[in-house]
Amino acid sequence: MEQGVTPNLVVIDLISDNEALKFEVADRLAKAIIELRRKDGGCMPQDLNEKGFTVSEVVENWDAAHFLIAITDMTEWGKDDGKRKT
């Protein structure tokens, strides 16, 4: 890293009581990814631009959105004694 350059950090507030501060963009992104997967069978990052997300929103929140999808899948999986609905 060059001297004097400040890294661009994104802080996700997991403690706040304000729900708008917790994974707001990643949550919307996750919902759009799930919708596109159901509709089209998959989702590429550029598909989300057509849903109104900026390139930077997709880049900055892609991993967090997939984390939320994975956690949701795990939670849903545990509700039916491990029997996934297909």
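Quick summary incoming for the structure in this document. Just so it is clear, the structure is predicted and the values come from calculations on it, not from any experiment.

Thresholds applied
- Numbering of residues starts from 1 in each chain and follows the order in which that chain's sequence is written.
- Only residues with pLDDT of at least 70 get local features here, since the model is predicted, and only at 80 or more are side-chain atom pairs given and counted; chain-wide, interface and lining totals rely on the full set of residues.
- Derived side-chain values reflect all non-hydrogen atoms in the structure, with water molecules and hydrogen atoms excluded from consideration.
- To count toward a patch, a residue needs a relative accessible area above 30% and no salt bridge. Like charges then connect within 9 Å, nonpolar side chains (Val, Leu, Ile, Met, Phe, Trp, Tyr) within 5 Å.
- A 1.4 Å probe and the Shrake-Rupley method give the accessible areas. Residues count as covered only by the protein chains that appear here.
- Salt bridge criterion: a side-chain nitrogen from Lys or Arg within 4 Å of a carboxyl oxygen from Asp or Glu.
- In this description a helix means any DSSP run of H or I spanning at least four residues, a strand means any run of E spanning at least two, and both kinds are numbered starting from the N terminus.
- By this rule, a helix spans an expected 1.5 Å times one less than how many residues it contains.
- Categorising residues by exposure relies on relative accessible area from a 1.4 Å probe, with only protein chains included: less than 20% of the type maximum marks a residue as buried, more than 50% marks it as exposed, and the intermediate range marks it as partly exposed.

**Side note on a nonpolar patch on the surface**
Together, Phe67, Ile71 and Met74 make up an exposed nonpolar region whose accessible area comes to about 310 Å². As for its placement among the helices and strands, Phe67 is situated in helix H2 (residues 55–79).

**Details of helix H1 (residues 24–40)**
Two residues of an α-helix separated by three or four positions point the same way, owing to the 3.6 residues in each turn. The first and last C-alpha atoms of H1 sit 24 Å apart over 17 residues, in line with the 24 Å expected at 1.5 Å per residue. Buried residues of H1: Val25, Ala26, Leu29, Ala30, Ala32, Ile33 and Leu36, and no others. Looking one or two places after H1, you find Gly41, whose phi comes out positive at around 85 degrees.

**Quick look at the pattern of salt bridges**
Tallying each qualifying case throughout the model produces 5 salt bridges. Arg28 is paired through a salt bridge with Glu57; the nearest N and O atoms lie 3.9 Å apart. Remark: Glu57 occurs in helix H2 and Arg28 occurs in helix H1; sequence separation between them is 29 residues. Residue Lys51 pairs with Glu35 through a salt bridge whose shortest N-O separation is 2.5 Å. One end of the pair, Lys51, is in the loop between H1 and H2; the other, Glu35, is in helix H1, and 16 residues separate them in sequence. Overall, the relative accessible area of 39% leaves Lys51 in the partly exposed class. Each of Glu24, Arg28 and Glu57 takes part in salt bridges that share partners, so that together they form one network.

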